[in-house]
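Inside the fold
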Amino acid sequence: MVKNIAVIRGDGIGPEIVEQALKVLNRIAELYGHTFSYTDVDMGGCAIDKYGDPLPDSELKKCVESDSVLLGAVGGDKWNDVPGPKRPEKGLLRLRAGMGVYSNNRPAKIWKQLADASPLKKSIVDKGIDFIIVRELIGGIYFGEHKTEGDTATDILKYSETEIERIGRIGFETARKRNKKLCSVEKSNVLDSSRLWKKVMHRLAEEYPDVELSDMLVDNCAMQIVKNPAQFDVVVTENMFGDILSDEASMITGSIGMIPSSSLGSTTCGLYEPIHGSAPDIAGKDIANPIGTILSAAMMLRYSFDMSEEADAIENAVSAYLDAGYRTADIMSDGMTKVGCSRCGDLVLENLKKE
Ligand code: NAD
């Protein structure tokens, strides 16, 4: 297969971690006979320095015209005082809106080799943690009207059936590619928008008879994620609930440097990035953990390019690298061998085999 990938290295540790993911993608191309071509895109602080704009139209166009986008991270102290629309993060918001990605998918997976890093009890971790939260990204209370009048403030939470249906479909499709269990999370005992959410999910379920749908109230879900995370396969929820639950879910897995994410819309062109930021405190030192970015590349293969075998090969290589006892500084523990960012990339490559 021939695929054109837009590559945003960004700021801080962005260029270092993206380099490792590109090494891995190049080896996958060799092993499986694909052609990946890369289009460099400037976004974030580096784009402000170059063009005075965190994402000029010309750069956004390259992303929209690509088969998918791989992003490191953007931002840093240097641009903190830049006024509103010229901040690096505005580039990211513009990119999401410009690509029309309304679904953010974040896996919460614990690697058995890193079980000690989880703040949960061993008996809970031992049952396994491996689920995805599918979060609606461009609707709900964050995008409703915000108003303050005197001593009263209001924020409007609004969802249409169309908005719920399109994110619901991503939930069902994601579950189909995994263990076929979808948990729809809402607050239907209180909110009208949640009652509509639930109704639409159950209507969609008729089109996906192979996927088992369950409902859960958001407050219960927050408890269940720490009490019994092994019960979840795919969780689908609205914007604000997803924002909170996905942070909770990433925390229980231990390290921020290990977690990838994808954002998808109505086409297969997705945005893939680690969940962490540009980590300016460790930039340029070759000590960042590139695994979150490498696994984001694996998600791109699985969800945008329909290359499950290739994605499995990357995930197995990461697992073998951890089995061999190598750790970057952020997940270092007694008896392990400490490695830097580029060495980590090389070691994942050494373990990468055709499945
Ligand atoms: P951060 O995620 O960059 O860093 C938080 C802590 O985690 C730091 O101590 C950092 O060294 C560590 N860390 C993060 N990624 C790591 C990795 N791969 N390996 C090892 N350690 C890692 O969050 P922050 O410090 O709050 O933000 C720094 C900058 O990043 C800010 O400008 C912020 O706006 C930006 N940011 C960007 C994105 C994005 O591009 N998607 C997301 C969040 C924050």
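It should be noted that the structure appears before, not after, this text.
Every value quoted in this text rests on a predicted model; they were computed, and no experiment measured them. (Residues numbered from 1 in each chain as written. Predicted model: local features only at pLDDT ≥ 70, side-chain atom pairs only at ≥ 80, totals over all residues. Heavy atoms only, no water.)

1. Topic: the site of the ligand
What surrounds the ligand is a group of 20 residues, the closest being V74, E89, G277, A279 and N289. For the ligand, an oxygen atom lies 2.7 Å from a polar atom in the backbone of G277. Here an oxygen atom of the ligand and a backbone polar atom of A279 are 2.8 Å apart. Summarising the interface, the protein chains cover 67% of the accessible area of the ligand, which totals 810 Å² for the free molecule. (Near = heavy atom within 4 Å. Polar contact = N/O pair within 3.5 Å; in protein donor to acceptor, adjacent residues only side chain to side chain. Areas by Shrake-Rupley, 256 points an atom, 1.4 Å probe, with all protein chains shown as cover.)

2. Some words on the environment of E273
Relative to the helices and strands, E273 is located in strand β12 (residues 271-274). Distance in space between the C-alpha atoms of E273 and I244 is 19 Å, their sequence separation being 29 residues. (Helix = DSSP H or I, 4+ residues; strand = E, 2+ residues; numbered from the N terminus.)

3. Describing unusual backbone geometry
Not every positive phi belongs to a glycine, and K180 is a case in point at roughly 65°. As for its placement among the helices and strands, K180 is situated in the loop between α6 (161-176) and β8 (181-186). By relative accessible area, K180 is classed as partly exposed at 34%. Of note, A279 is a non-glycine position whose phi angle comes to about 40°, a positive value. Tracing the backbone shows A279 in the loop between β12 and α10 (291-304). (Buried < 20%, exposed > 50% of the residue type's maximum accessible area, 1.4 Å probe, protein only.)

4. Concerning the state of the cysteines
Taken as a whole and judged by the stated rule, the model has zero disulfides. You can see C341 has no disulfide; the closest cysteine sulfur is in C344, sitting 6.8 Å from it. (Disulfide = S-S within 2.5 Å.)

5. Description of the packing of α6 against helix α7 (residues 192-205)
The interhelical angle for the contact between α6 and α7, taken along N-to-C directions, is 50°, at an axis separation of 9 Å. If you check the angle between α6 and α7, you find them oblique. As for how α6 packs across α7, the hand of that crossing is right-handed. Residues E161, I164, E165, I167, G168, R169 and F172 of α6 form the contact with α7, whose own contacting residues are S193, L196, W197, K199, V200, M201, R203, L204 and A205. When the residues that make up the contact of α6 with α7 are grouped by side-chain class, the tally is nine nonpolar, two polar and five charged. (Axes fitted to C-alpha atoms, helices over the stretch in contact; angles between N-to-C directions. Parallel < 35°, antiparallel > 145°, perpendicular 65-115°, else oblique. Left-handed = near helix turned anticlockwise from the far one by under 90°. Contact = heavy atoms within 4.5 Å. Nonpolar A, V, L, I, M, F, W, Y, C, P; charged D, E, K, R; others polar.)

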